[in-house]
Amino acid sequence: MALDKEIFKEELKQRLRENYAMELEDASEQEIFYTLGALVKARYSDAWRDTWKYYVDKNKKQVYYFSIEFLPGRMLKSNLLNLGILDTAREALTDLGIHLDDLAEVEKDMALGNGGLGRLASCFMDSIASGGFPGNGNGIRYDYGLFKQRFVDGYQVELPDEWLQSGNIWEVRRESKAVDVRVGGHVYLAETNDGKLKPVYENERVLRAVPYDTGMVGYENNVVNTLRLWAVEIPDSEEDKYQSIQGRRELEDLTAVLYPDDSNEQGRLIRLTQEYFFVSAGIQSIIRHYKKWFQKPISKLSEYVSIHINDTHPALCVPEMMRILIDEEELSWEQAWDITVKVMSYTNHTIMAEALEKWSIDLMQRTLPRMYQIMEEIDARYVQTMQELHPHDLVERTRIIRNGQVHMAHLSIIGSHSTNGVAKLHSDLLKSVVLHDFYIIYPDRFNNKTNGIAQRRWSQIVNEPMSNVLDETIGKTWRQDSGDLKLLRNYQSDQAVLEKLAEAKKINKQKLADYILGTTDIEVSADAIFDVQIKRLHAYKRQLLNLLHIIKLYQDLKENPSLEMQKRVFIFGAKAAPSYHYAKVIIKCINETANLINNDPDIKDRIKIVFLPNYNVSLAEKIIPAADVSEQISLASKEASGTSNMKLMLNGAITLATLDGANVEIRDAVGDDNIYIFGLTEKEVYEYYENQEYSAQRLYDENAVIRRVLNAFIDGTIPNIVYEGREIFDSLIKYNDEYFLLRDFDSYVEAQEEIDKAYGDQTFWQKMSLINIANAGRFSSDETVSRYAEDIWKIESKDSFVTEKG
């Protein structure tokens, strides 16, 4: 529905009067933001209700996407865009003397995730709705975001991220949909009068799970799906058990923060309880909805419900579904198992063995006794079935319960009908290396679904200067169908178009330069190369390799002040997990190197290092449109996919990458001449693992450049890192450089020198940038979820929604 600008302005004023008893000129930005948010939500509330009703009336099969993380970021502009009223709303607000961008800054990030996993889940929510697919998200409403990152003396300090302090305008509390979740205590099976076994619970804790629903607005299609986040409360029946402040605090801790520190027993208990809490609440809600509205036999559940396990955190979906089907619906084990496997599907997001969740048997028995009983039975039946078909040692290696631990990835694979990786290389490595045993047993269950991004947000919202150039050049169909970005290929030799795209990039770089100055007091030039690495701080992502190159450049310039090179601004954005000591050491070393270089008059601003604190979706939206170089430098075979690589590519950054994750497919899309590839391949990495011939010490001894760079960590060149510098040095030399930074160093330096040379020819650089933008359409999450919908979830798009409604 078109937005009438004058009516919109009057409604905004009227709502301000009703909600705050004040006129527009007296209202604060926060009061105006919340009023505007309520107005926007009112515009899609009918569509939200109608979408839900349509799914019910038409008996549409729905997917429920279970993820412990969701990172929607700010939603005001996204909702305005998807409703088709962004430009009109901006004009109306401008008439009233209000800047939309200033209002958008008032909104707190729904920072309910750590990085790529949560952002992918939110991109999927956007694309599922925009594709007209019946789909819902299911997660946890954390009281605090991951944490607010600050730097004090170069060290990361974690502060509470109180994102809910002023409320959340987009959510709707649905107390009538609350369910009870039972944890702890003791469970035994007792025989009933009719000879069946039923579980009896003793001394369990009952948690009240209350859902908060947020509308996921589809792009200009009148579809609004639901993201359901669960909060924990005390049930009325349990009030007596929570009289003490300590008892209430323990309960509230269950949904206080994402990823509580699991280096101690209490943290592990909270984390496991969290995982079961949102899984049990979600599946109970699904079954209740199915029984009330579909009025079909429970045996038909898989025809109407698909549940997706996003990484292993929701793996308990498998035994929880079994619990409900056998304990409450009284199906036979065989019936329940057949339904469960047909309903469940699983995405693996990692190659790192330590990231494949495992829980001790003791903790599982104490925390979730009924879940453990069911998993024991699943495991026993799996062994009984498979030992007739496969060698004993293969079956033993793939058991769910082995060596005193419960293996959640094994549970997810055995209990679902589909296991997918998130990039072609990743999926191939799952089949050949990481999950090879399971691939032998279930070859038909494995498939690839390369990740994608919600390109509307990462172009139309965050990069309006570029989007306007695209509109002028290729028309506006790309806004609806990102595949039409390929039309831009026809203009790669059009100097006028290249210059317009360059001007758009310069605008974004200057905006970021202004933000950097205001945030860090560091002055950077928009004419310099903006070299960007933004992602979680982890050793395998190799922010340290980036730092080693920076130190080399610094040493070269100190030795030869007249050295010819392009000005370069190295921009980092990354949080280290609170208990990840080594990652925090790297942060300290980057910050101290920045202090050294940024304040060295000999360098004359030719190198700057900017580590922007508190990296989140909103900060990414500032950095990505301004980036010239996209650092994707993980050790080959370690990054499952990556999505920052796709966002940066879409915004015209040139990728500097190893052949890891989706970088391989980006290389295939743009061609070898429009990307900078360096380093070991995954085959070469695995050869080192097999022959055990890698020697960091030998590289240090034989390579004078590497030796000089590493010595800077321990010889006083970089101040204030006496202990941290030694730890970095020892990790590379004494402990033999686990992620092969020194082996890839020379290749990385050569690629960086090529980038320096290419940037000197601006026409050449702009052409590469254009080709990257033009080929980014294939990495749209719209395409990704369409493949999930067709191949895995078996759900149908509601393209004809408006027509069917009449």
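Residue numbers restart at each chain and count upward from 1, following the sequence in its written direction. Confidence filtering applies because this is a predicted model: local features only for residues at pLDDT of at least 70, side-chain atom pairs given and counted only at 80 or more, and all residues used for totals across whole chains, interfaces and linings. The side-chain figures draw on all heavy atoms in the structure; neither hydrogens nor water molecules are used.

1. Notes on the overall build of the protein chain
How we decide: Under the DSSP-based scheme used, a helix requires at least four consecutive residues in state H or I and a strand at least two consecutive residues in state E, with every element numbered from the N terminus. Using C-alpha atoms as the atom set, the radius of gyration is obtained and then compared with a globule rule of 2.2 Å times the number of residues to the power 0.38. To sort residues, take the accessible area from a 1.4 Å probe on protein chains only and compare it with the maximum for the residue type: under 20% means buried, over 50% means exposed, and anything in between is partly exposed.
Scanning the protein chain from N- to C-terminus turns up 33 helices and 25 strands. Taken against the 2.2 N^0.38 rule, which gives 28 Å for 806 residues, the C-alpha radius of gyration of the protein chain at 27 Å falls within 12% of a compact globule. Expressed along its principal axes, the backbone C-alpha trace of the protein chain runs to roughly 90 × 70 × 55 Å. The buried share of the protein chain, reckoned over its 806 residues, is 61%.

2. Things to note about the pairing of strand 10 (residues 197-202)
Put simply, the rule is: At least two DSSP bridges between two strands are needed for those strands to be called paired.
Pairing of strand 9 (residues 186-191) with strand 10, which is carried by six bridges, proceeds in the antiparallel orientation. Among the inter-strand pairings, V187 is bridged to a residue of strand 10, identified as Y201. The loop that links strand 9 with its antiparallel partner strand 10 comprises five residues; one of these, G195, has a positive phi angle of about 85 degrees.

3. A word on the domain arrangement of the protein chain
Put simply, the rule reads: Here the limits of each domain have been adopted from an automatic or database domain assignment. Residue contacts are counted whenever heavy atoms from the two residues lie within 4.5 Å of one another. Salt bridge criterion: a side-chain nitrogen from Lys or Arg within 4 Å of a carboxyl oxygen from Asp or Glu.
Here the protein chain is described as being made up of domain 1 (59-74 + 109-352) and domain 2 (457-779). Averaged C-alpha coordinates put domain 1 and domain 2 at centres separated by 36 Å. Every contact between the two is made by 28 residues of domain 1 and, on the other side, 35 residues of domain 2. Along the contact surface separating domain 1 from domain 2 lie one salt bridge.

4. Topic: unusual backbone geometry
Even without being glycine, R542 reaches a positive phi, approximately 60 degrees. For R542, the position within the fold is in the loop between strand 20 (529-534) and helix 21 (543-559). You can call R542 buried: its relative accessible area is 0%. Phi is positive for D605, which is not a glycine, with a value near 65 degrees. With respect to the helices and strands, D605 occurs in the loop between helix 22 (581-598) and strand 22 (607-611).

5. Side note on the side chain of K552
Positionally, K552 belongs in helix 21. Setting aside chain neighbours within four positions, we find K552 in contact with V705, V709, F745, V749 and E753.

6. With respect to the environment of E796
Within the element layout of this structure, E796 appears in the loop between helix 32 (781-793) and helix 33 (801-805). Each C-alpha atom of the pair E796 and F764 lies 44 Å from the other, and the pair is 32 residues apart in sequence. The residues contacting E796, other than those within four sequence positions of it, are K60, G132, F133 and P134.

7. Topic: the sheet that holds strand 25 (residues 676-677)
Pairing is parallel across the open sheet formed by six strands, whose spatial order is 22-21-20-23-24-25. The sheet is open, and its two borders are formed by strand 22 and strand 25, each paired with just one other strand. When strand 23 (residues 629-632) meets strand 24 (residues 654-657), the two strands line up parallel, connected through four bridges. Bridge assignment links S630 to a residue of strand 24, and that residue is T655.

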